[in-house]
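# Residue-level structure breakdown
What follows is the residue order along each chain.
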Amino acid sequence: MKLQSKTKKILFVAAIIGSLAVVGTVIGVVVVEVKKNRNSQASTNNNANNNHSGTSSASSGGSSGATPTSTGAADPIVTDFPLDPALHKSFWGMAYTPPGAIMPECGANITAVRKDMEKLSQLTTRLRLYGSDCNTTSLVLQAISDMKVDMKIYAAIYLEPEEESYTRQKKILEDALAVYGTANVLGVAVGNEYILQAIQAGDTTENSTARVVEKMNEVRTDLTALGYTLPVGTSDTGGTISQSLVDAAEFVFANIHPWFSGSTAETATEFADSQFVSAEALATASTRTPSPIMYQGEFGWPSDSDTTGETNQGGSAASVANLQLALNNWVCHANTAGTRYFWFSPFDEPWKATSGLGV
């Protein structure tokens, strides 16, 4: 399987649907909503970006930060919010990080997460998170409880090379489970593209895989000791997932991004299918009982680029039109095929970008 090149993904500002691009929605509506979302966030995003120290760490969906943000109610809770007729529960799942849940700002807050939950609950019943820093797990579980929506999550610990981040996030996650329980938690993912990033930094596949396996085992043991029975797995790009990794996991999120692999928007679905077949074969061949479950951890297309008119190696542009094309082709096909997938992602995430090129 071809190793996906994702050196730019640290600056990934979308593969998004703005707020309201859904299956069957015309391009004009999508353009309006993406622009509206960006305009409404422009002032806030500019202020946040100006405060970046340059040492902030951001990752593909990763939430990283040292200080949890309060989950206390900032605004009155509205449980009878109006439903948007343009939205439908068309997505198997979505990849989600609360706005501002990134180091070192940790600007995530319950008001923003509740607002997101209004839209997300009309699009899917499942979310995958990326880390526990910035009180991400508690914020999302609190919003689900507050809004009384039908939503479950895969919680996560975002692995970094240093040990302190892992230890901190594991404690934050365990504290969240102690408060909110596991009724709305489907599992815990340990790491997201840690192996890919370790290889790019000069480590070996064997060493980086061994660390992820070690941390999955630790988390599973600790959760069991606390009385929780939750599946523990991990997430990485399709090309870095090995048999030894799959054998140690109860589930694996295989992230597959046609944009970064040089596919066109027209062939994005076929490319993702071919990659996912190889990933699923590892789960089928696993000696683990029961067999690990393979999910397509990420699929999406960028709506825009920091560089005007930028195209990938396949010559396909980062644009709303191509996003809509990839979305329409993928979601209907994947739902019909019964593929377990997470759309990456439902909202623009310009607050993740610190400098340089990105889409």
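Right, let's walk through the structure included here. Just so it is clear, the structure is predicted and the values come from calculations on it, not from any experiment.

### A closer look at the pairing of strand β7 (residues 293–299)
- Counting buried residues along β7, six of its seven residues qualify, which places the element largely inside the surrounding structure.
- In terms of strand pairing, strand β6 (residues 251–255) meets β7 through five bridges, oriented parallel. Counted as the bridge partner of Asn-255 is Glu-298 from β7.
- Crossover connection from β6 via helix α8 (residues 268–285) to parallel β7: handedness right-handed.
- Crossover handedness for the path β7 to helix α9 (residues 320–337) to strand β8 (residues 341–343): right-handed.

### Quick look at the side chain of Lys-215
- As for its placement among the helices and strands, Lys-215 is situated in helix α6 (residues 205–225).
- Residue Lys-215 is classed as buried on the basis of its relative accessible area of 1%.
- Excluding residues within four positions of it along the chain, Lys-215 makes contact with Leu-159, Glu-163, Tyr-166 and Val-190.

### Concerning the state of the cysteines
- This model, assessed by the stated rule, comprises one disulfide.
- In this model Cys-106 forms its disulfide with Cys-134; the gap between the sulfur atoms is 2.1 Å. Taking the sign of the S-S torsion, -75 degrees for the link of Cys-106 and Cys-134, the bridge is left-handed. In this pair, Cys-106 is assigned in the loop between β1 (94–95) and α2 (110–120) and Cys-134 in the loop between β2 (126–128) and α3 (136–147), connecting sequence segments 28 residues apart. You'll find Cys-106 and Cys-134 in the same group, each marked buried.

The rules we used
Residues numbered from 1 in each chain as written. Predicted model: local features only at pLDDT ≥ 70, side-chain atom pairs only at ≥ 80, totals over all residues. Heavy atoms only, no water. Buried < 20%, exposed > 50% of the residue type's maximum accessible area, 1.4 Å probe, protein only. Helix = DSSP H or I, 4+ residues; strand = E, 2+ residues; numbered from the N terminus. Pairing = 2+ DSSP bridges. Right-handed = clockwise from strand over helix to strand, strands pointing away. Contact = heavy atoms within 4.5 Å. Disulfide = S-S within 2.5 Å.

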